[in-house]
Amino acid sequence: MLWFGSLLALLLVVVLIIGAMFGAERISLTELSVQQQAILFDIRLPRVFLAAFVGASLAAAGAGLQALLRNPLAEPYLLGVSNGAALGMMLAFVLFENVEFLRPVMAFIGAVVATIVVYQMAKSRTGMTVERLVLSGVIVTTFLSSVIVLFTSLLDAAKLRSFTFWLLGDLSQTTRSGVYLCLVAAVVGIIVLGSQARALNLMMIGERDALDFGVEVGRVRLLVFGASALLVGASVAASGSVGYVGLVVPHIVRLASGSDNRSVIPFSALAGASFVILADLIARVAIAPRELPVGAITALIGAPVFIFLLRRN
Amino acid sequence: MMECRALFFVRKIIRQLNRFALVTFLSLIFVACGRPVAENVNLNVDRSSSRSGVVPMRIITDDLGRRVTIPTKITRAISLAPSVTESIFAVGAGDRLVGDTTYCNYPEEAKAIQKVGDTLNPNMETIVALRPDVVFVSGASQLETFTSTLDKNGIAVYVMNPSRLDEVIHNLEQLGIIFGSEDTSQKVVGELQDREMKITETLGTYPVPDEQLSDYDKRVGQVRVFVQISKEPLFTIGKGAFLNDLLRSAGARSVTANVSSAFPKLSKETALALQPDAIILSDSPDDQEPNEVFKDSPAVKNGRVYKINADIISRPGPRLIDALEEIAKDLHPEKFK
């Protein structure tokens, strides 16, 4: 598996360089004018790094949730986590218009609340089944979507213009604090998920068997859900809804490396980072000097790839 | 085809009895027949001229070249765009507006008129119930499908599609004719033309020596302006925006005039490289200061950042002259002492 990991790491380095080299404005990498320095260091590089952190976070969260729920369709978007974060962001927009630091905080709170609600709904006297969990996720997701739609139709157009764009997945609104926040969230979240990889492997056989092996199933669930909420909350706050990353990337990784979560989770993070950097590169240069929403690109690539994978298996 | 004709006849009679619910129902069947819109209009003319006791009608041509049949005397009109509402009030026909949109906030009286929804989502039932003689639609903001829906409901739709100052003035003249208030419209048009002329004369050919102008501007005598529509995400005006012509009249040039689409979302890299001499903000809640990328631009360094009311610069109506005067004075203060 080492070769595959090295390959993904190498790919990420190459993609990072390509992402830094190309953009709406041409930059010579040997001799930079003051203006080109500003373009490269103030605008392009922060955005490329943010894309990497968002991609890594979403893909790792997807991999973790898929293992935990033993469902290949499990994804932050399907489980209400993303929409919870989106609603949190929206409330921050509406209630505390000018307090920018509250947006990621509210997004995280939204992600956590949505996770808890889904979790509680899925619980029953006989314990929690995966089916109930996915079903609750779908219901919470659709409910939150309608609340968001309701808000957007009721509120002032000018106030919500930036929000609607952000909702489509948009990395152009990169701020330095957003990049650092996503970095911290990605590092913490991925380490927590990685630390639970062994337990997740055992749980994939069956939760009873895992209990027999001494796995504290409840604790694993809590940690994986918490880490996913952190990863998704930070990503959504920084970039809106960049879809399909958490779904497609872990699937491709599993095809190449098998389903051992000790490799699937870190490899998904590496591959997810490359995927979103490339998708955002397309969004930046395709119709330059105009821009496309990156969420549209990831969906445009992700959906056909996913269908292809489904048909192959 | 015969069924369609018969249905149309029935529909016409019922309309005159003001049975709106039935009209809507029957027109649905009518729509299903798929009759082309143009034929609908022609038939309308035939019938009104051949029958006695019907309101006298006339045919006018709108900005899209469509032939529209409207009553000779307009008493009930609906406007579906704030720019149109402002124009109708300007020609002194505001009292005949029976419906407008939630965006119509100028002049003050426009707010009191019954709202039929917003520009993108007008309520069909409300419009039909108001029994308008004609509905005015702006090509700049209205959905084409909506125009055809109204057409199919037998409501006359007049499309106004101005993008330059002279076209706004032409629209005012048209409205004067439509509402039979040529006296007022001619007076208003005369005033607007005088004000425009005054700006042009005052600016003349712009003199060269001004430290704040770049080499290019010293050659052409224009200020390079960036118009920021919203700060985050960064939206600006592009090739299709009517503001381009207004800026030219004000002795300026939009630095994004070559970017495709009217209101593009611009790459921040490009924005940083543009280095505009002045920035105009639309003064909406999300557009109170220039984007970060302009912090080292001549515009910000020299304090040449101006706010113009978003309503005025986003509506191709009579207040465009106000915007022209304001922009010209902001950009060339020494000329207007």
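Residues numbered from 1 in each chain as written. Chains lettered and ligands numbered in written order. Predicted model: local features only at pLDDT ≥ 70, side-chain atom pairs only at ≥ 80, totals over all residues. Heavy atoms only, no water.

Within chain A, the secondary structure is distributed over 13 helices and zero strands. Reading chain A from its N terminus to its C terminus gives the helix and strand order α-α-α-α-α-α-α-α-α-α-α-α-α. Its C-alpha atoms give chain A a radius of gyration of 19 Å, near enough to 20 Å, the size a compact globule of 313 residues would have. Across the 313 residues that make up chain A, the buried fraction comes to 53%. (Helix = DSSP H or I, 4+ residues; strand = E, 2+ residues; numbered from the N terminus. Rg over C-alpha atoms; globule rule 2.2 N^0.38 Å. Buried < 20%, exposed > 50% of the residue type's maximum accessible area, 1.4 Å probe, protein only.)

This part is about the sheet that holds strand β6 (residues 157-160) of chain B. Residues and elements named next belong to chain B. The sheet built from four strands is open, its strands ordered β4-β3-β5-β6 with parallel pairing. For this open sheet the edge positions go to β4 (97-99) and β6, each flanked by a neighbour on one side alone. Mean inter-strand twist for the sheet, computed between neighbouring axes without regard to direction, equals 35 degrees. Taken together, the three bridges between strand β3 (residues 77-79) and strand β5 (residues 134-138) define a ladder with parallel strand orientation. (Pairing = 2+ DSSP bridges. Axes fitted to C-alpha atoms, helices over the stretch in contact; angles between N-to-C directions.)

Here β5(B) lies mainly inside the structure; five of its five residues are buried. Side-chain alternation along β5(B) places B:V134, B:F136 and B:S138 on one buried face and B:V135 and B:V137 on a second face that is also buried.

Here we take up the interface of chain A and chain B. Facing the 23 residues of chain A at the interface are 24 residues of chain B. Between chain A and chain B, roughly 2,000 Å² of surface is buried when both sides are summed, and carbon and sulfur atoms account for 56% of that area. Where chain A touches chain B, the interface holds five salt bridges. Among the salt bridges present, the one from A:D42 reaches B:K295, with a minimum N-O distance of 3.8 Å. Inspection of the chain A/chain B interface yields 10 residue pairs in polar contact (both at pLDDT 80 or more). Counting residues per element, the ones that place at least two in the side of chain A that touches chain B are α2 (34-69) and α6 (157-167) of chain A. Looking at the side of chain A that touches chain B residue by residue, the class counts come to eight nonpolar, five polar and 10 charged. (Contact = heavy atoms within 4.5 Å. Buried area = accessible area lost by both parts, 1.4 Å probe. Salt bridge = Lys/Arg side-chain N within 4 Å of Asp/Glu carboxyl O. Polar contact = N/O pair within 3.5 Å; in protein donor to acceptor, adjacent residues only side chain to side chain. Nonpolar A, V, L, I, M, F, W, Y, C, P; charged D, E, K, R; others polar.)

For the rest of this paragraph, the subject is the confidence of the model for chain B. Residues and elements named next belong to chain B. For chain B, the average pLDDT comes to 79, and 77% of its residues sit at 70 or higher. Here residues 1-52 scores under 50 on pLDDT; set against residues more than four positions off or in separate chains, the count is 54 contacts. Taken together, the stretch residues 207-213 has pLDDT below 50 and engages in 11 contacts with residues farther than four places along the chain or on a different chain. The ipTM for the predicted assembly is 0.84, set against a pTM of 0.81. (pLDDT = per-residue confidence, 0-100.)

Among soluble globular proteins, nonpolar side chains are generally buried collectively. One finds A:L68, A:L69, A:V220 and A:V245 to be the most contacted residues of the largest nonpolar core, which totals 84 residues. The leading source of residues in this core is α2(A), at 16 residues. Not counting residues within four places of it along the chain, the set of residues in contact with A:V245 comprises A:G55, A:L58, A:A59, A:E75, A:P250, A:G272, A:F275, A:V276 and A:T298. Ranked by size, the runner-up nonpolar core spans 57 residues in total, among them B:I237, B:L320, B:I321 and B:A328. (Core = buried A, V, L, I, M, F, W, Y, C linked by side-chain atoms within 4.5 Å.)

Turning our attention to the pattern of salt bridges. Going through the model one piece at a time under the given rule, you end up with 23 salt bridges over all chains. Two residues, B:R195 and B:E325, come together in a salt bridge whose shortest N-O distance is 2.9 Å. On the criterion of sequence distance, the pair formed by B:R195 in helix α9 (residues 182-203) and B:E325 in helix α15 (residues 320-331) is long-range, its members being 130 residues apart. Taking relative accessible area as the criterion, B:R195 reaches 29% and is therefore assigned partly exposed. Each of the salt bridges in this network shares a partner with another, and the network as a whole consists of A:R44, A:R47, A:D170, A:D280, A:R284, A:E291, B:K265 and B:E269.

All names here are of chain B. Close contact between helix α8 (residues 165-179) and α9 brings their axes to 8 Å; oriented N to C, the two are set at 165 degrees. In terms of orientation, α8 and α9 fall into the roughly antiparallel class. Crossing angle aside, the handedness with which α8 passes α9 is left-handed. Residues L165, I169, L172, E173, G176 and I177 of α8 pack against E182, S185, Q186, V188, V189, L192, Q193 and E196 of α9. When grouped by side-chain class, the residues that make up the contact of α8 with α9 number seven nonpolar, four polar and three charged. (Parallel < 35°, antiparallel > 145°, perpendicular 65-115°, else oblique. Left-handed = near helix turned anticlockwise from the far one by under 90°.)

Here we come to the pairing of β6(B). All names here are of chain B. Side-chain alternation along β6 places V157 and V159 on one buried face and Y158 and M160 on a second face that is also buried. The sheet contact formed by β5 and β6 spans four bridges and is parallel. The residue of β6 that forms the bridge with F136 is Y158.

This part is about the environment of A:A59. Residue and element names in this part refer to chain A. Of note, A59 is situated in helix α2. Of the residues examined, A59 reaches a relative accessible area of 0% and is grouped as buried. Sequence-distant contacts of A59, that is, excluding residues within four places in its chain, are made with V245, G246, V249, P250, S268, A269 and G272.

Right, let's talk about helix α8 (residues 197-205) of chain A for a bit. Taken residue by residue, α8(A) has A:A197, A:A199, A:L200, A:N201 and A:M203 as its buried positions. Phi turns positive one or two residues past the end of α8(A), at A:G206, with a value near 160 degrees.

So, on to helix α13 (residues 294-312) of chain A. Helix length check: α13(A) (19 residues) gives 27 Å between terminal C-alpha atoms against 27 Å at 1.5 Å per residue, within 8%. Here α13(A) has its buried residues at A:V294, A:G295, A:I297, A:T298, A:G302, A:F306 and A:L309. (Expected span 1.5 Å × (residues − 1).)

Attention shifts here to the packing of α2(A) against helix α10 (residues 217-239) of chain A. All names here are of chain A. Between α2 and α10, the least distance of the axes is 9 Å, while the angle of their chain directions is 150 degrees. When the interaxial angle is binned, α2 and α10 end up roughly antiparallel. Crossing angle aside, the handedness with which α2 passes α10 is left-handed. Across from L50, V54, S57, L58, A60, A61, G64, L65, L68 and L69 in α2, the residues of α10 making contact are V220, R221, V224, F225, S228, L231, V232, S235, A238 and S239. Its residues assigned to classes, the contact of α2 with α10 comprises 14 nonpolar, five polar and one charged.

With that settled, consider the packing of aromatic side chains. Residue and element names in this part refer to chain B. For the coordinates displayed, the defined rule picks out seven aromatic pairs over all chains. The interplanar angle of 65 degrees and the centroid separation of 5.7 Å between the aromatic rings of F136 and Y158 together place this pair among those described as edge-to-face. Here F136, found in strand β5, pairs with Y158, found in strand β6; they are 22 residues apart in sequence, far enough to count as distant. Taking the centre distance of 4.6 Å and the plane angle of 50 degrees together, the rings of F226 and F294 count as tilted. With F226 in strand β7 (residues 223-230) and F294 in the loop between β10 (278-281) and α13 (298-301), this pair connects stretches of sequence that are 68 residues apart. (Phe/Tyr/Trp six-rings, centres within 6.5 Å; stacked < 30°, edge-to-face > 60°.)

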